[in-house]
Amino acid sequence: MPDHSTPAVPGTPGGADAVAPPPASERKYVENKPPRGLYVRVFIYVVATHVLLAFMSVLVFAAKSR
C-alpha cells in the first residue's frame, strides 16, 4: 500500500492553517448581558413612578371631595 498523505481540510483541528483562538492576554471582553445595576435602577424608577402617580391621584381625590 503506497504511503501518501492527504492535505488537511481547512478549518479542521488537524489543519496546519487552522486559526487558533487568541491567547488569553489578547482576548477582548465582550459584554453580552446588561449589568445588574441597570435592573435595580429600572425597578426603582418604575416603583417611584407608581408612587408618584398614586400620590397625585390622592391629591386629585382630595381636591374633588372639597
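Remember, it's a predicted structure, so these values are computed and weren't measured experimentally. (Residues numbered from 1 in each chain as written. Predicted model: local features only at pLDDT ≥ 70, side-chain atom pairs only at ≥ 80, totals over all residues. Heavy atoms only, no water.)

A. Fine view of the overall build of the protein chain. Check the secondary structure of the protein chain and you find 1 helix and 0 strands. A burial count over the protein chain gives 2% of its 66 residues as buried. Counting only carbon and sulfur atoms, one obtains 68% of the accessible surface of the protein chain, whose full area is about 6800 Å². (Helix = DSSP H or I, 4+ residues; strand = E, 2+ residues; numbered from the N terminus. Buried < 20%, exposed > 50% of the residue type's maximum accessible area, 1.4 Å probe, protein only. Areas by Shrake-Rupley, 256 points an atom, 1.4 Å probe, with all protein chains shown as cover.)

B. Inspection of a nonpolar patch on the surface at higher detail. Together, Val 40, Phe 43, Ile 44, Tyr 45, Val 47 and Val 51 make up an exposed nonpolar region whose accessible area comes to about 610 Å². If you trace the backbone, Val 51 turns up in helix α1 (residues 36–65). According to the relative accessible area criterion, Val 51 is exposed, its value standing at 53%. (Patch = residues over 30% accessible without salt bridge, like charges linked within 9 Å, V, L, I, M, F, W, Y side chains within 5 Å. Salt bridge = Lys/Arg side-chain N within 4 Å of Asp/Glu carboxyl O.)

Read these as geometric descriptors, not functional statements.
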